[in-house]
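Topology and contacts: notes
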Amino acid sequence: MSLMPTMIDLLARARVDLRMGLPVVLTTPDQAILALAVEPLDTKRLASLWALGPIALTVTARRAETLKARVYDGDIARIAVPSSADLTWIQAVADPADDLRTPMKGPLRSDRDGDVELHRLAIALTKSARLLPAAVICPLQHPAQFAQSHGLTTLPLAAVAPLMVESSPLHPVAAARLPIAAAEAGRLHIFRPEDGAEEHYAIEIGKPDRSQPVLARLHSACFTGDVLGSLKCDCGPQLHGALTQMGAEGQGVLLYLNQEGRGIGLANKMRAYSLQDQGFDTVEANHRLGFEDDERDFRLGSAILKELGFSSVRLLTNNPNKISMMEKTGIAVTERVPLKVGETVFNREYLATKAAKSGHML
């Protein structure tokens, strides 16, 4: 029936379930697991898990490295949860907030046998749900019956795995004239992805010629910098500096992508800030949380530019990764336009880290 949910619908539902603390069922033809995100886990659901059998805590290799836990599975590690472990123990292993106060979490034993593709999918789902990348896992013997009797969302690996690595198609929703301080001739375009994730925006200044390279910027949302004027980063000055330059030239396109905190979400970004207060730099903080240096998907920007009719750009950026992404996805970068603004005594080390560890041209 056409009213039945598609796999994209089920994927969106699974993300919401995980954020609410509900488990999801992940399956292959030969294996099935029950996965719950650690962050919203409570004692009642943990007790229900224990009733099903032994459980494992799956974390990323980045987090495992901090914990000194052995990594046998490449980019993830499966830590056996002792039968005596409670919710506090599990969350302390997953969350680095108190690592310096209680650095000894173990000894931790990592599992090393069996297929781990479903565990890897569980981690990818927690990341896409903007949660801590950690999940408690329990094997299931009769997944279809279990999911139906408990009303749980089921995701078959073969069907959902391709969707996790692709960018969800974006569709224009609405556009209207929007005079802004940088340029009275402004127009705001809204784009919505098919998978139910956050919407993204394009601010078009003037009427750029689609046959010529347009002055463009990929700007990732930064609530703290763009809205609150945070001095810990240079995002706010970059946003306004880019719009001002476009206004001065009379044309341009700023793509505002809702990928807060380099793609980890605002809550995890605040966790990273807390770790930075403990003395870690921005990359080290991300790694301790279990994330990579940068979790953003810049392909979204390329897709929006193509939807707007552009094929080449003069890119306002200091980030070489944005340039290479544009070129790989069919947008020609005819010129890199530097954007060096917003350095303060509060963000000097942050900018130095971006240059040294992320290759930014500052």
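Residues numbered from 1 in each chain as written. Predicted model: local features only at pLDDT ≥ 70, side-chain atom pairs only at ≥ 80, totals over all residues. Heavy atoms only, no water.

Quick notes on unusual backbone geometry
Positive phi, close to 65°, is recorded for R130, a residue that is not glycine. With respect to the helices and strands, the residue R130 is situated in the loop between α5 (117-128) and β6 (134-139). Located in the positive-phi region is R262, a residue other than glycine, with phi close to 60°. Summarising the element assignment, R262 is placed in helix α10 (residues 260-263). (Helix = DSSP H or I, 4+ residues; strand = E, 2+ residues; numbered from the N terminus.)

Some thoughts on the domain arrangement of the chain
Each assigned domain of the chain is listed with its residue range as follows: domain 1 (7-164) and domain 2 (170-259 + 296-358). Across the boundary between the two partners, domain 1 contributes four residues, which contact four residues of domain 2. Here domain 1 and domain 2 share an interface that buries about 340 Å² over both sides, 43% of which is from carbon and sulfur atoms. Of all residues in domain 1, I8, R15 and R130 give up the largest surface area on contact with domain 2, accounting jointly for 84% of the area buried on that side. At the junction of domain 1 with domain 2, the criterion picks out two salt bridges. The residue E198 makes a salt bridge to R130 at a minimum N-O spacing of 3.8 Å. Across the domain 1-domain 2 interface, the total number found is zero residue pairs in polar contact (both at pLDDT 80 or more). In terms of residue class, the side of domain 1 that touches domain 2 is made up of two nonpolar, no polar and two charged. (Domains from an automatic or database assignment. Contact = heavy atoms within 4.5 Å. Buried area = accessible area lost by both parts, 1.4 Å probe. Salt bridge = Lys/Arg side-chain N within 4 Å of Asp/Glu carboxyl O. Polar contact = N/O pair within 3.5 Å; in protein donor to acceptor, adjacent residues only side chain to side chain. Nonpolar A, V, L, I, M, F, W, Y, C, P; charged D, E, K, R; others polar.)

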